[in-house]
Amino acid sequence: MKRYTAQIDATLPIIAIDIGYSANNRSCGFTHTGTSDTHSLRFGDCIAATRDCLTAQGPHLLILEAVLSTYHRPDGNPDIRGDFEKGRGWYYGPGVSTFAAALRFLQVLDRQLPQSFQPIPLVEGFLSYKQTRTQHCDDAQRLLDEFETAERFQARMGSEPISHQVAETPHILRYNEPIGRS
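Quick summary incoming for the structure in this document. Note that the structure is a prediction, hence the values are computed from the model and not measured.

The rules behind each value
Residues numbered from 1 in each chain as written. Predicted model: local features only at pLDDT ≥ 70, side-chain atom pairs only at ≥ 80, totals over all residues. Heavy atoms only, no water. Helix = DSSP H or I, 4+ residues; strand = E, 2+ residues; numbered from the N terminus. Buried < 20%, exposed > 50% of the residue type's maximum accessible area, 1.4 Å probe, protein only. Polar contact = N/O pair within 3.5 Å; in protein donor to acceptor, adjacent residues only side chain to side chain. Salt bridge = Lys/Arg side-chain N within 4 Å of Asp/Glu carboxyl O.

1. Regarding the environment of Arg111
By the element assignment, Arg111 lies in helix H2 (residues 94-112). With 94 residues separating them along the chain, Arg111 and Ile17 place their C-alpha atoms 19 Å apart.

2. Some words on the side chain of Thr5
Along the chain, Thr5 falls in strand S1 (residues 4-5). The buried category is assigned to Thr5, whose relative accessible area is 9%. At a separation of 3.1 Å, a polar atom in the side chain of Thr5 contacts the side chain of Glu168.

3. Some thoughts on the side chain of Arg174
Within the secondary structure, Arg174 sits in strand S10 (residues 172-174). Owing to a relative accessible area of 6%, Arg174 belongs among the buried residues under this scheme. There is a polar contact of 3.4 Å between the side chain of Arg174 and the backbone oxygen of Phe84. Among the polar contacts listed, one links the side chain of Arg174 to the side chain of Glu151, at a separation of 2.8 Å.

4. Remarks on the pattern of salt bridges
Across all of its chains, the model carries 10 salt bridges by this definition. Close ionic contact of Asp52 with Arg51 constitutes a salt bridge, the shortest N to O distance being 2.9 Å. With a relative accessible area of 23%, Arg51 lands in the partly exposed category. A salt bridge links Asp75 to Arg73, with the nearest nitrogen and oxygen atoms 3.1 Å apart.

Keep in mind that these numbers describe shape and distance, not what the molecule does.
Next up, the structure:
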């Protein structure tokens, strides 16, 4: 059985993470259902906080503001996963670092959790197209607060999850429309 699934269980509490990837900076925002606290954490500390929350409180749906699937054209070259990410493709710019961060995050979390914690529902939060700079904690809180109202997308046919530990391509929730489209 695979550790992560794209099957959303809306009855579960949520862990929301605005993922960052830095050696020294607190680049991740972290919050979860049942608390008003948000935390700005370093990458490794965010994995530990997620593990601790899951082991202490049980199953949660996990939202990562990070690339959780890829798409490659028949010629082997990367391409966007759908119109929802035009101008913010997964394979260039900030998308690449969130892809790397998510891959590492899921691998390490998988190793640190007991096998009984599976499958963990996984959703991609897409918070691009922001008009102003925001704090990681604010973004994590927004992932949690607007989970029900965010636009839902499925990556185009032929997209693949970023890891063999993810059973199927996760759903993508877009929290902002591209500027000029509203």
